[in-house]
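# Commentary on secondary and tertiary structure
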Amino acid sequence: MNSNDSKEDTTVYNVVINDEEQYSIWPAHKQNPLGWTSVGKSGPKEECLKYVGEVWTDMRPLSLRKHMEAMRDSEIAAS
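Summary of the structure given here.

The rules behind each value
- Residues numbered from 1 in each chain as written.
- Predicted model: local features only at pLDDT ≥ 70, side-chain atom pairs only at ≥ 80, totals over all residues.
- Heavy atoms only, no water.
- Helix = DSSP H or I, 4+ residues; strand = E, 2+ residues; numbered from the N terminus.
- Rg over C-alpha atoms; globule rule 2.2 N^0.38 Å.
- Buried < 20%, exposed > 50% of the residue type's maximum accessible area, 1.4 Å probe, protein only.
- Core = buried A, V, L, I, M, F, W, Y, C linked by side-chain atoms within 4.5 Å.
- Contact = heavy atoms within 4.5 Å.
- Salt bridge = Lys/Arg side-chain N within 4 Å of Asp/Glu carboxyl O.

Our next topic: the overall build of the protein. When helices and strands are counted, the protein shows two helices and three strands. Taking 79 residues into account, the globule formula puts the C-alpha radius of gyration at 12 Å, and the protein, at 18 Å, lies well above it. Across its three principal axes, the protein shows a C-alpha extent of roughly 65 × 25 × 20 Å. By residue count, 19% of the 79 residues in the protein fall in the buried class.

Membership of the largest hydrophobic core is limited to eight residues, which are Tyr13, Val15, Ile17, Tyr23, Ile25, Cys48, Val52 and Trp56. Elements with a minimum of two residues in this core: strand E1 (13–18), strand E2 (23–27) and helix H1 (45–55). Every residue in contact with Cys48, bar those within four places of it in the chain, is listed here: Tyr13, Val15, Ile25, Ser42 and Gly43.

This next bit is on the pattern of salt bridges. Within the structure shown, the criterion is met by four salt bridges. The shortest N-O distance in the salt bridge between Glu21 and Arg65 comes to 2.4 Å. Of this pair, Glu21 sits in the loop between E1 and E2 while Arg65 is found in helix H2 (residues 62–78), placing the two residues 44 residues apart along the sequence. For Arg65, a relative accessible area of 17% corresponds to the buried category.

And the structure:
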């Protein structure tokens, strides 16, 4: 067993979102990666992951959702 496995993760995380409305968590003490913005939720890892699971209900990137909606709308208009 690795000694790191038994250490409790006391890191505070921020929930972040990108322009494609994809969520992730990032250590609060680090600067967010380029293209990612904090959503205002922070806390322990499990709490942040639970929040992400509650709010990120559609895993498709925003651009794909918009494309699929446009395709559907054009099919409706054509019928």
